[in-house]
Amino acid sequence: MSTDKRSKFRDLLDRDEVVLAPVVHNALAAQVANKVGGFELLGISGYGGSVSALGLPDAGYISMTEMVELSRAIAETADAPVYADADTGFGNAVTARRTARQFIQYTDIAGLFLEDQVSPKRCGHVSGKRVLPMEEAVGKVRAVCDVRDELDPEFVVIARTDARGAAGGSLADAIERGNAYHEAGADVIFVEGPTTESEVERIGQEVNAPLKYNQTGVSPFVDAETLAEYGFSISSVTTTRVAIVALYDHLKALRDDGI
C-alpha cells in the first residue's frame, strides 16, 4: 500500500490553494504527465476508463475488476498520488465495501470517489440521471469510510453527489447531501454538474468540507484563484477528449494525405 502517496494527498487538502488534477485514462497518459512534470495529483474517471479500455460510454459498462486493474496500472506508473473513480461502488453498500477494500489493499491508489446514482449509472453531465434515497446513499458512504478506517486511515474518500442534475433534483438537494456525506465520514465532497459560477460559489459557501470541482461538461470553467476563494481544494480537468481529438486528426490526415 502506497501510504506515502496517500499522506501526500491528505497534505494537499490542508493547503489554502487549489491543486490542479489532470484526469488520465491509462498508464501511458500517466507516463506523459510524469514527463511533463509539475503535477502533484492525478485523477482517473470512469468516463476515461470506459472509453479507453472498452470503447464504450460512461453508462455503467465497466466493471469493478476492470476499473481496479486500470487504476492499479495508472497508480503504479504515476509519480503523483492518484485518486480513482469507483462509480457507484458497483452495487449496494456491501459491494461498495468490497470495492473500497480492493482499491485500498491491492493498489497504490491514494483515494477514490463514490457517487450516489442508482445502478447502472450515467455520465454526470447527461440528462436522465437518478440518485439513491439520501439515507441509502449515506449508508454507502459510511460503509466505504468504515473500510478506510479499518485498513488505512490515510486513504482519501471523496463522496460525489449527482443530485444537482438528477431528475427532480436541485442544487439545494446536492448541498444537503454533500454535508450529510461529510458527516458520514467522507474526506472530500464532489458536487457534480453545477451550471453557473454562482452555483459553484454557493457550493463553496454552504458545503462544510474540502471540495472537488470538475472542469467539464455543463459546468463552467473557473480559475484556481477563484475556486480557492470559494473554498475548493481540487480542480480536475479531463485529458481524454484531447487525446481522442489528437488521434482523430492524425488518422484523418494520414488517410487523406498519406505519410
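In short, a report on the structure. Not measured: the values here are computed from a predicted model.

Concerning the overall build of the protein
Summing up its helical and strand segments, the protein has ten helices and eight strands in all. For 259 residues, the compact-globule estimate of 2.2 N^0.38 gives 18 Å, and the C-alpha radius of gyration of the protein, at 17 Å, lies within 12% of that figure. Projected onto its principal axes, the C-alpha positions of the protein cover 60 × 40 × 35 Å. The buried share among the 259 residues of the protein stands at 52%. Of the contacts formed within the protein by residues at least 6 apart in sequence, a portion of 71% connects residues at least 24 apart.

Observations regarding a nonpolar patch on the surface
Where nonpolar side chains cluster on the molecular surface, the patch consists of Leu20, Leu28, Val32, Val36, Phe39 and Val237 and spans about 520 Å² of accessible area. The element that contributes the greatest number of residues to the nonpolar patch is helix H2 (residues 27-36), accounting for three residues. Structurally, Phe39 can be placed in the loop between H2 and strand E2 (42-44). A relative accessible area of 32% places Phe39 in the partly exposed class.

Things to note about the packing of helix H5 (residues 93-106) against helix H6 (residues 134-151)
It is at 9 Å that the axes of H5 and H6 come closest, and there the two elements cross at 35°. In this structure, the crossing between H5 and H6 has a hand that is right-handed. Between H5, through Ala93, Ala96, Arg97, Ala100, Arg101, Ile104 and Gln105, and H6, the contact on the second element is made entirely by Gly139, Lys140, Ala143, Val144, Asp146, Val147, Arg148, Glu150 and Leu151. Residues belonging to the contact of H5 with H6 are distributed by class as follows: eight nonpolar, two polar and six charged.

Some points on the sheet that holds strand E8 (residues 234-238)
The eight strands are arranged E1-E2-E3-E4-E5-E6-E7-E8 in a closed barrel whose pairing can be described as parallel. Averaged over all neighbouring strand pairs, the angle between strand axes comes to 25°, with direction disregarded. Two strands pair when backbone bridges link them, and strand E7 (residues 211-214) and E8 are joined in this way by three bridges, in the parallel orientation. Looking at E8, one finds that Asn214 is bridged to Ser236. Packing against the sheet, helix H1 (residues 3-13) makes contact with strand E1 (19-24), strand E3 (82-85), strand E4 (111-115), strand E5 (156-161), strand E6 (188-191) and E8, and its axis sits at approximately 55° to E5.

Quick notes on the pattern of salt bridges
Overall, the coordinates contain 18 salt bridges when judged by the stated rule. Across the pair Asp4 and Lys8 runs a salt bridge, and its minimum N-O distance is 3.6 Å. Within this pair, Asp4 and its partner Lys8 are both found in helix H1, separated by four residues, close to a single helical turn. As a salt-bridge pair, Asp152 and Arg6 come within 2.9 Å of each other at their nearest N and O atoms. Note that Asp152 is positioned in the loop between H6 and E5 and Arg6 in helix H1, a separation of 146 residues in sequence.

Considerations on unusual backbone geometry
Trans is the common state for peptide bonds, and a negative phi is the common state for residues other than glycine. Of note in the backbone geometry, Asp87 takes a positive phi value of approximately 50° without being a glycine. By the secondary structure assignment, Asp87 is in the loop between E3 and H5. On the basis of relative accessibility, which here comes to 3%, the residue Asp87 falls in the buried class. The backbone of Phe90 sits at a positive phi, close to 60°, despite the residue not being glycine.

Quick word on the packing of aromatic side chains
Tallying each qualifying case throughout the model produces four aromatic pairs. Taking 5.8 Å as the distance between ring centres and 75° as the angle between the ring planes, the aromatic pair formed by Tyr213 and Phe232 counts as edge-to-face. Of the two residues, Tyr213 sits in strand E7 while Phe232 sits in the loop between helix H9 (224-230) and E8, which places them 19 residues apart along the sequence. Here the two residues Tyr213 and Phe232 agree in accessibility, since each one is buried. Members of the aromatic cluster, connected to one another through ring pairs, are Phe9, Tyr83, Phe113 and Phe190. Its end group placed over the ring of Phe190, Lys212 keeps NZ or CZ at 3.7 Å from the ring centre.

How each quantity is defined
Residues numbered from 1 in each chain as written. Predicted model: local features only at pLDDT ≥ 70, side-chain atom pairs only at ≥ 80, totals over all residues. Heavy atoms only, no water. Helix = DSSP H or I, 4+ residues; strand = E, 2+ residues; numbered from the N terminus. Rg over C-alpha atoms; globule rule 2.2 N^0.38 Å. Buried < 20%, exposed > 50% of the residue type's maximum accessible area, 1.4 Å probe, protein only. Contact = heavy atoms within 4.5 Å. Patch = residues over 30% accessible without salt bridge, like charges linked within 9 Å, V, L, I, M, F, W, Y side chains within 5 Å. Areas by Shrake-Rupley, 256 points an atom, 1.4 Å probe, with all protein chains shown as cover. Salt bridge = Lys/Arg side-chain N within 4 Å of Asp/Glu carboxyl O. Axes fitted to C-alpha atoms, helices over the stretch in contact; angles between N-to-C directions. Left-handed = near helix turned anticlockwise from the far one by under 90°. Nonpolar A, V, L, I, M, F, W, Y, C, P; charged D, E, K, R; others polar. Pairing = 2+ DSSP bridges. Phe/Tyr/Trp six-rings, centres within 6.5 Å; stacked < 30°, edge-to-face > 60°. Lys NZ or Arg CZ within 6 Å of the ring centre and 35° of its normal.

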